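Remarks on the overall topology
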Amino acid sequence: MTSVPTAATSATPAAGEVPGEAAALARQGRFPTDFLWGAATASYQIEGAVAEDGRTPSIWDTFSHTPGKTENGDTGDVAVDHYHRSAEDVALMARLGLGTYRFSVSWSRVQPTGRGPAERRGLDFYRRLTDDLLARGIRPMVTLYHWDLPQELEDAGGWPERETAYRFAEYAALVGEALGDRVELFTTLNEPWCSAFLGYGSGVHAPGRTNPVDALRAAHHLNLAHGLGAQALRASVPAGRTPKIAVSLNPSAVRARTAAPEDEDARRRIDALANRVFTGPMLRGAYPEDLLADTARLTDWSFVQDGDARTACQPLDLLGINYYAPAIVSGGRVDGPRDDGHGASAHSPWPAADDITFHQAEGERTAMGWGVDPTGLYDLLTKYAAEAPGVPLLVTENGAAYPDAPDAQGRFHDPDRIRYLHGHLSAVLDAIRDGADVRGYYLWSLLDNFEWSYGYGKRFGAVHVDYDTQVRTPRSSAHWYARAARDGALPPADFHPEPDAG
């Protein structure tokens, strides 16, 4: 096999210092004056218009139209019709005082076959969206890949095949050429762990394959795609422009259930599969030795070619952290469904880890069944401030789904979401106080939307969407968040602004 560059199991060094002004403000309960207050969405979850202006099917079109793959057979065919309502949505963002908006580009809308020339009509949509944002003083952040691989590339093998990484670089160059004159912030990949391990391991996400070796191959080629895509972006933007490039990971705050050696070893193994499989190559240019050893009975990793991990290790201007809940693990399997928060499947998303049990934190849970624990976000921010000194951090996703219903006036009060936001934004403030250079926070999500295999049954939006009429109605939490953005400080958790009437 080719020699795979490796890194030792990580230890956490002392955190670097953030500029004193930010830490001093945090001690006063205030965010830095240039802190980015934003919200995030994803193309397939909101755009609709799946067969318009040259767009071809992605793996999520195919997956959602396969019986039994999504709740109620829901699809993103219409979603919240953002493709036709983007101007309305941008006006809503401006009204709520957002300073930045993170959206993803649909690869099959821009490059319908996953190779070859760009589809002008698809790029024009993103040009208009970007121009509308800039006209309202809202800074765009463009994510190149949020899980919607063109189906033709999946038919050719998908992410387990090396060629897909090169196709991604070609696509990144097309987006850079088209939007690089107006967009400064780019994210290459969103949550590559989900793309690899839920898409090719457990099969609960598109394309729905269930092969642990394919999941590991996909993880590697996503690492390679990130590196090649970052290079392509930097080379393709117009002269005189310097893009700021990030990747949005969903690192797991992995905790051992007890101090027993078998639980601590379970924590180490899941940390390797959840986190270091990406941060090893991306931050250090090498895979962790213990990951290779843990998975050696499945693969010899011969799909890694010389120089791949170094290619993945491109300079990052920002590191995006997506966080929802911690993972609590113990050694040894127990009977019953796997409670890892990643959907029900007879197939595990954790290669070579079937002897590990996952536990949810005690206490409050969201509608997704995830425990509410802001300390996990604090832990991740301080951890990566230490592991990637000099690389500023962004919280590129954080939020919660809760069941709610309108009152008699058609208003949506969501005190649970307000408490959730207050707790997690307080954790961000604590991390800044303690030395993490956190530059911004993107609420997930701006709008209710197609929540992947959960269909339309889970609502994450600060803004309620009536899926029959497409009417947008800001919840109380939207106005709470707007006040936080305006003041640069958190309103009380028990402050419940009046929501809009539906």
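Residues numbered from 1 in each chain as written. Predicted model: local features only at pLDDT ≥ 70, side-chain atom pairs only at ≥ 80, totals over all residues. Heavy atoms only, no water.

Selection rule: UniProt positions are given in the numbering used here, feature names are shortened, and annotations may be inferred rather than shown by experiment.
Under the annotation held in an unreviewed UniProt entry, the protein carries the name Beta-glucosidase and is attributed to Streptomyces koyangensis. The UniProt entry for the protein carries this comment under Catalytic activity (unreviewed entry): "Hydrolysis of terminal, non-reducing beta-D-glucosyl residues with release of beta-D-glucose." UniProt, in the comment section headed Sequence similarities (unreviewed entry), describes the protein in these words: "Belongs to the glycosyl hydrolase 1 family."

1. Digging into the side chain of Thr187
For clarity, the threshold we go by: Helix and strand assignments come from DSSP, with helices taken as H or I runs of at least 4 residues and strands as E runs of at least 2, each series counted from the N terminus. Should any heavy atoms of two residues lie within 4.5 Å, those residues are considered in contact.
With respect to the secondary-structure elements, Thr187 resides in strand β5 (residues 185-190). Apart from the residues lying within four places of it in its own chain, the contact partners of Thr187 are Arg102, Met141, Val142, Thr143, Leu144, Ala246, Val247 and Ser248.

2. Things to note about the UniProt feature "active site" (unreviewed entry) in the protein
We apply this condition: For every residue, the accessible area (1.4 Å probe, protein chains only) is compared with the maximum for its type, and the residue is labelled buried under 20%, exposed over 50%, or partly exposed between those bounds.
As recorded in UniProt, the sites labelled "active site" (unreviewed entry) are Glu397. Secondary-structure assignment places Glu397 in strand β12 (residues 393-398). With a relative accessible area of 4%, Glu397 lands in the buried category. Sequence-distant contacts of Glu397, that is, excluding residues within four places in its chain, are made with Arg102, His146, Asn190, Glu191, Ile321, Asn322, Tyr323, Tyr324, Tyr442 and Trp444.

3. Focus: the sheet that holds strand β11 (residues 356-359)
In a beta sheet, neighbouring strands are held together by backbone hydrogen bonds and run either parallel or antiparallel to one another. Formally: Only when DSSP finds a minimum of two bridges between them are two strands counted as paired. Between the N-to-C directions of two axes lies an angle of 0 to 180 degrees, each axis being a line fitted to C-alpha atoms and, for a helix, fitted only over the stretch in contact.
With respect to topology, 3 strands assemble into an open sheet ordered β7-β10-β11, the strand pairing being mixed. Edge positions in the sheet fall to β7 (254-256) and β11, since each has one partner strand and no second. Averaged over all adjacent pairs, the angle separating strand axes in this sheet is 35°, with direction ignored. Note: strand β10 (residues 327-331) against β11, 4 bridges, orientation antiparallel.

4. Things to note about the pattern of salt bridges
We apply this condition: Salt bridges are defined as contacts in which a side-chain nitrogen from Lys or Arg sits within 4 Å of a carboxyl oxygen from Asp or Glu.
Applying the stated rule across the entire model yields 45 salt bridges. Among the salt bridges present, the one from Arg102 reaches Glu397, with a minimum N-O distance of 3.8 Å. Of this pair, Arg102 sits in strand β3 (residues 100-104) while Glu397 sits in strand β12, placing them 295 residues apart in sequence. For Arg102, a relative accessible area of 1% corresponds to the buried category. One salt-bridge network, held together by shared partners, links Asp265, Arg268, Asp271, Arg276, Asp290 and Asp294.

5. Topic: the environment of Pro403
Following the sequence through the fold, Pro403 ends up in the loop between β12 and α15 (415-433). The spacing of Pro403 and Asp416 is 13 residues in sequence and 9.5 Å in space, taken between C-alpha atoms.

6. Points about the packing of aromatic side chains
Definition in use: Aromatic rings from Phe, Tyr and Trp, with only the six-membered ring used for Trp, were paired whenever their centres fell within 6.5 Å, and each pair was classed as stacked if the ring planes differed by under 30 degrees, edge-to-face if by over 60, and tilted otherwise.
Within this structure, the stated rule accounts for 32 aromatic pairs. Centroid distance Trp107 to Phe168: 5.8 Å. Interplanar angle 70°. Geometry classified as edge-to-face. Here Trp107 is found in helix α5 (residues 107-110), whereas its partner Phe168 is found in helix α8 (residues 163-179), with 61 residues between them in sequence. For Trp107, a relative accessible area of 0% gives the class buried. Looking at Phe168, the relative accessible area reads 0%, which means it is buried. Arranged with centres 6.2 Å apart and planes meeting at 80°, the rings of Tyr324 and Phe460 form a pair that is edge-to-face. A residue pair is termed long-range when its members are at least 10 positions apart, and Tyr324 in the loop between β9 (318-322) and β10 and Phe460 in the loop between β13 (438-444) and β14 (463-465) qualify at 136 residues. With respect to burial, Tyr324 and Phe460 carry one shared label: buried. Members of the aromatic cluster, each reached through a chain of ring pairs, are Tyr44, Trp60, Phe63, Trp147, Phe450, Trp452, Tyr456 and Tyr467.

7. Looking at the sheet that holds β9
With respect to topology, 8 strands assemble into a closed barrel ordered β2-β3-β4-β5-β6-β9-β12-β13, the strand pairing being parallel. Taking each pair of neighbouring strands and ignoring which way they run, the sheet shows an average axis angle of 25°. Pairing between strand β2 (residues 36-40) and β3: 3 bridges, direction parallel. Its bridge partner being in β3, Gly38 is matched across the sheet by Thr100. With respect to the sheet, helix α10 (residues 212-236) is in contact with β4 (139-145), β5 and β6 (244-249), its orientation differing from that of β5 by roughly 160°. Packing of α15 onto the sheet brings it into contact with β2, β12 and β13, and relative to β13 it is tilted by some 165°.

8. What about the nonpolar core?
So the rule is basically this: Here, nonpolar core means buried Ala, Val, Leu, Ile, Met, Phe, Trp, Tyr and Cys residues that are tied together by side-chain atoms lying within 4.5 Å of each other.
Counting 152 residues, the largest nonpolar core has Trp159, Ile270, Trp301 and Val428 as its most contacted members. Take this core: its biggest share by element is 11 residues, from α10. Dropping the residues within four chain positions of it, Val428 is found in contact with Phe31, Phe35, Leu377, Leu381, Val395, Val438 and Tyr441.

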